[in-house]
Amino acid sequence: MQDKCSGSFLELVEELQALSEEVASLARNSEYEIEIFNEFADILEKFTPVFDHIKDNEKVMNTPPIRKAVESLEKEFIRAKCLIKNSNSRLLNKQMEDLTQDMGRSLGLVLFASTDLKLDIREKIGALHKELMNSRFGKSLSSSSIQSPCPSPQSGFVSDFESGKETEIEEERQEIVEEREGIEEERISLGIDDVALQLKYGDDERLTFALLELRKLIKGKTVGNEWMNEEGVISILFNQLGSSKPNNRLSILQVLRSLASENADFKEKMADVGSLSALVKSLTRDVEEQREAVGLLLDLSDLPVVWRRLGRIQGCIVMLVAMLNGDDQVASHDAGKLLNVLSSNTQNALHMAEAGYFKPLVHYLKEGSDMSKILMATALSRMELTDQSRASLGEDGAIEPLVKMFKVGKLEAKLSALSALQSLSSLTENISRLISSGIVVPLLQLLFSVTSVLMTLREPASAILARIAQSESILVNRDVAQQMLSLLNLSSPAIQCHLLEALNSIATHSSASNVRRKMKENSAIKLLLPFLMETNTKIRIAALNLICTLSEDVSEELTEQLGDTYLNIIVNIISSSTSENEKAAAIGILSNIPISDKKTTEYLKKTNLLPILISLMSSSTILTTSTPSTHSLLGSVAGILIRFTIPSDKRLQLVSVEHGVIPLLVKLLSNGPVIAKRRAATSLAQLSQNSLSLRKSKKSRWLCVPPSADAFCEVHDGYCFVKSTFCLVKAGAVSPLVQVLESKEREADEAVLGALATLLQDETWESGSNYLAKLLGTQPIIKVLESGNVKAQEKALWILERIFRIEEHRVKYKESAQVVLIDLAQKGDSRLKPIVAKLLAQLELLQAQSSYF
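Residues numbered from 1 in each chain as written. Predicted model: local features only at pLDDT ≥ 70, side-chain atom pairs only at ≥ 80, totals over all residues. Heavy atoms only, no water.

## As for the overall build of the protein chain
Within the protein chain, the secondary structure is distributed over 51 helices and 3 strands. Sorting the 853 residues of the protein chain into buried and exposed places 51% on the buried side. Intrachain contacts of the protein chain at a sequence separation of at least 6 include 70% that bridge at least 24 residues. Of the roughly 40,200 Å² of accessible surface on the protein chain, a fraction of 49% belongs to carbon and sulfur atoms. (Helix = DSSP H or I, 4+ residues; strand = E, 2+ residues; numbered from the N terminus. Buried < 20%, exposed > 50% of the residue type's maximum accessible area, 1.4 Å probe, protein only. Contact = heavy atoms within 4.5 Å. Areas by Shrake-Rupley, 256 points an atom, 1.4 Å probe, with all protein chains shown as cover.)

Here is the structure:
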């Protein structure tokens, strides 16, 4: 409520009336002790007409004694509000009765001072006064049913009042009023001492009122510094801060902030470690308390002793950083300012970085002393950073000063900067910052250096290069790959490993074709092959990966470079390595050898590579896992199988099929990555090309014992067997092939259609068309016309032309095919127009003499 001295009496009563209504509402809506609080609310609501009468009679009621009595009611209402919020169920009946009777006494003061009120109004006030004084909770509170067992002087006076004997007790009433005023004055004069006692020893309820009174005393300057110091108020408040309830803790903090803002001596008293620790504890509590606590700490932070001590209090900086990133704007602002003050100490700046706030650390990297820079860089290199932290450091500008330290600093500065940059470089977003900072050339210069004192820097330098090489931006340094290659045989194993990883990253970039060509021209593969005999697994795998990458577009010279020696080493790696990555790289190299190289085929056949691969694929869970290395492995295995299924060598096909190639190829269609599906379809197409010539005709004279009916193939019109005729139908491969066309991946379309086309050759086109239609393969083939490449579209059109020779299929698929065909005729590649026109004519959508032919 406003200052009672400056406000009007009417405003005072209106505010008090609003407070009584607020407390009544709070009582009705309390979740505890519903019966008691409802009874109390019933009483409070009876104050409303009393306040209305007082306002209506403002002229006669606006006297100092009545004003003082009304103000005493305010205290009781505030006390009631606190009691409802922080009730103690065991003592609640007694507390409520005491509180209600105190309200009665305050109302009695109003009654006694209201000498000029009309009799009927005084009677109404007297009735409420009596009810308050006789209140008992937990049973009916009706005034008619409650008799005061021990009437007080006030209640006796009211009884006389009710009997109408006003002129007989006037003298007695005046004496009582004077006595009450004297008691009230005594109560006020003793209030200062009571405040100190209640602050020290009062329970939470009494502490609440003591704090309210203390705030009034401070605001009204009723107490001075001498009293505050004599009573040890600041020490008392900090002691209470650790054990009080939340509402009192908040009040304590507000009082302390008020004192700190008024007096420098008070601030000094709040700067001891115990007090600061109590404030730090408040940083862990609810939002309002956090806000007040951080505000007070900020107020105290102009004392050097405070920011020196605060940084050493456990949890302080962590909580300040959390508040800085929190939703409360006031607390966040104050926390940021306090962190800024604390960051003048380098140790505090490091603690902030450990808590995820890096701006002070970056500031020291940019503008600190040489020793501060080294301290920050060294600490940064030792922190376990998350990707989010690395991103923050990059965004805050940590990379540029670290690169500068590496370029121009002394040995210790170079080492700490490189170690920190090595940690930051593991985040992709920071790689572009490293490259733009111009670090690549100095890193290479360091690797070429033979100065002994710089040797310790070469490993972190090579590690950073390996990370940087993951970005295509490194290609702006044109000769970087050649320089790294020339360093390979001059480096330690750890550096060799990093350089090989970097070279492989560079070679795999989509725009690195010129780099790969130059590497091969400079005999990179020949340089790398000896690393295949390395005992260091990491180096061996890295070399295999790089050879595999470089061999993708190498022709006959790859075989010459490998020779029997290295072919044998690679096959041994495939059969004995426990690393999936190593197997994938080794198999990848073999899959890149041209299929036309028959000498290599014979050699690989002699080394029993095929059964090794079949065993590898069947004895592990590789077909049911999905990782980059398994995808690479499956694609490479499927690539090698093309070599062992070439249609020109039926004997080799037979050997391959006997080892179980066909079931593996069918599994790859269902479970492999798209490159494996494409290559598996190619192998199946090669095998199927010979199925018709290998079938056993049902009319053959050479069949002594006719095969079972299950062996008859409806497409080849004869007896087919997976192991002897390589039949797609009997292998169950047609449905998986169709499913590949139904997927969203289009890279395998051409190979799959090539395999399906083997079922529609001149001798089998009709039975093959019916079989595809039966397996619902026609619609997926039409789908290829919409989004496939030109070669795939061409094969799809070839197949559809044969399917649509049959009227049943023309009728069934005409509607879905015509839209696609017309669109293809208008917008498709010109090479497709003749066959598109032929299909449109088949569907009777275009005349045979059309210019499309």
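## With respect to the layout of surface pockets
In this model, the second largest pocket occupies a volume close to 390 Å³. The set of elements that each furnish at least two residues to the lining of the second largest pocket consists of α34 (537-550), α36 (580-591), α39 (628-643) and α42 (674-688). Looking at which element gives the most residues to the lining of the second largest pocket, the answer is α39, with 6 residues. (1 Å grid on protein atoms, 1.4 Å probe; cavity = no way out; pocket = protein on both sides within 12 Å on 5 of 7 lines; lining within 4 Å. Points joined across faces, edges and corners; volume = space filled by probe spheres on them.)

## What to know about unusual backbone geometry
Even without a glycine there, the phi angle at N608 is positive, about 60 degrees. Examined against the element boundaries, N608 turns out to sit in the loop between α37 (598-606) and α38 (609-618). One non-glycine residue, D717, adopts positive backbone phi at about 55 degrees. Examined against the element boundaries, D717 turns out to sit in the loop between β2 (712-713) and β3 (718-719).

## Some details on the sheet that holds β2
Reading across from one edge, β1-β3-β2 is the order of the 3 strands in this open sheet, with antiparallel pairing throughout. Of all the strands in the sheet, just β1 (696-697) and β2 have a single pairing partner and so form its edges. Relative to β3, β2 runs antiparallel, the two sharing 2 bridges. Its bridge partner being in β3, F712 is matched across the sheet by Y719. (Pairing = 2+ DSSP bridges.)

## Description of the packing of helix α23 (residues 370-382) against helix α26 (residues 411-424)
Remark: α23 packs on α26, axes separated minimally by 8 Å, with the N-to-C direction vectors making an angle of 35 degrees. Here α23 runs over α26; the crossing is left-handed. Across the interface between the two elements, I374, A377, T378, L380 and S381 from α23 touch E412, A413, S416, A417, S419, A420 and L424 from α26. Of the residues in the contact of α23 with α26, the class split is 7 nonpolar, 4 polar and 1 charged. (Axes fitted to C-alpha atoms, helices over the stretch in contact; angles between N-to-C directions. Left-handed = near helix turned anticlockwise from the far one by under 90°. Nonpolar A, V, L, I, M, F, W, Y, C, P; charged D, E, K, R; others polar.)

## Points about the confidence of the model for the protein chain
Taken as a whole, the protein chain shows an average pLDDT of 86; of its residues, 89% reach a score of 70 or greater. Low pLDDT (under 50) marks residues 139-166, which in the prediction has 31 contacts with non-local residues, meaning those over four places away or in another chain. This model gives residues 175-190 a pLDDT under 50, and the stretch forms 13 contacts once residues within four places in sequence are excluded. (pLDDT = per-residue confidence, 0-100.)

## A look at the packing of helix α49 (residues 790-803) against helix α51 (residues 833-842)
Contact geometry for α49 and α51: axes closest at 10 Å, N-to-C directions at 25 degrees. The orientation of α49 with respect to α51, classified from their angle, is roughly parallel. Seen from above, α49 lies across α51 with left-handed handedness. Listed contacts from α51 to L797, W798, L800 and E801 of α49 are I835, V836, K838, L839 and Q842. Classifying every residue of the contact of α49 with α51 by side-chain character gives 6 nonpolar, 1 polar and 2 charged. (Parallel < 35°, antiparallel > 145°, perpendicular 65-115°, else oblique.)

## Notes on helix α6 (residues 92-113)
Under the 1.5 Å per step criterion, the end-to-end length of α6 is 32 Å for 22 residues, consistent within 8% with the ideal 32 Å. Burial analysis of α6 places 17 of its 22 residues in the buried class, which makes it a mostly covered element. (Expected span 1.5 Å × (residues − 1).)

## Some words on the nonpolar core
If you look at the biggest cluster of nonpolar residues, it comprises 173 residues, and the most contacted ones within it are L402, I468 and L590. Grouped together as the second largest cluster of nonpolar side chains are 57 residues, A196, I252, L283 and L296 included. (Core = buried A, V, L, I, M, F, W, Y, C linked by side-chain atoms within 4.5 Å.)

## Remarks on the side chain of E582
Within the element layout of this structure, E582 appears in helix α36. Of note is the side chain of E582, whose polar atom sits 2.4 Å from the side chain of R540. Discounting chain neighbours no more than four positions away, the residues touching E582 are T537, R540, I541, L544, I573 and S577. (Polar contact = N/O pair within 3.5 Å; in protein donor to acceptor, adjacent residues only side chain to side chain.)

## Topic: the pattern of salt bridges
According to the stated counting rule, one finds 28 salt bridges in the structure shown. Note that E745 and K677 form a salt bridge whose closest N and O atoms lie 3.8 Å from each other. In this pair, E745 sits in the loop between α45 (734-742) and α46 (749-757) while K677 sits in helix α42, placing the two residues 68 residues apart along the sequence. Here E745 falls in the partly exposed class, since its relative accessible area comes to 35%. As a salt-bridge pair, D762 and R802 come within 3.0 Å of each other at their nearest N and O atoms. Linking D762 in the loop between α46 and α47 (765-774) with R802 in helix α49, this pair joins segments that are 40 residues apart in sequence. Using a relative accessible area of 61% as the deciding quantity, one classes D762 as exposed. Assessed through its relative accessible area of 8%, R802 is described here as buried. (Salt bridge = Lys/Arg side-chain N within 4 Å of Asp/Glu carboxyl O.)

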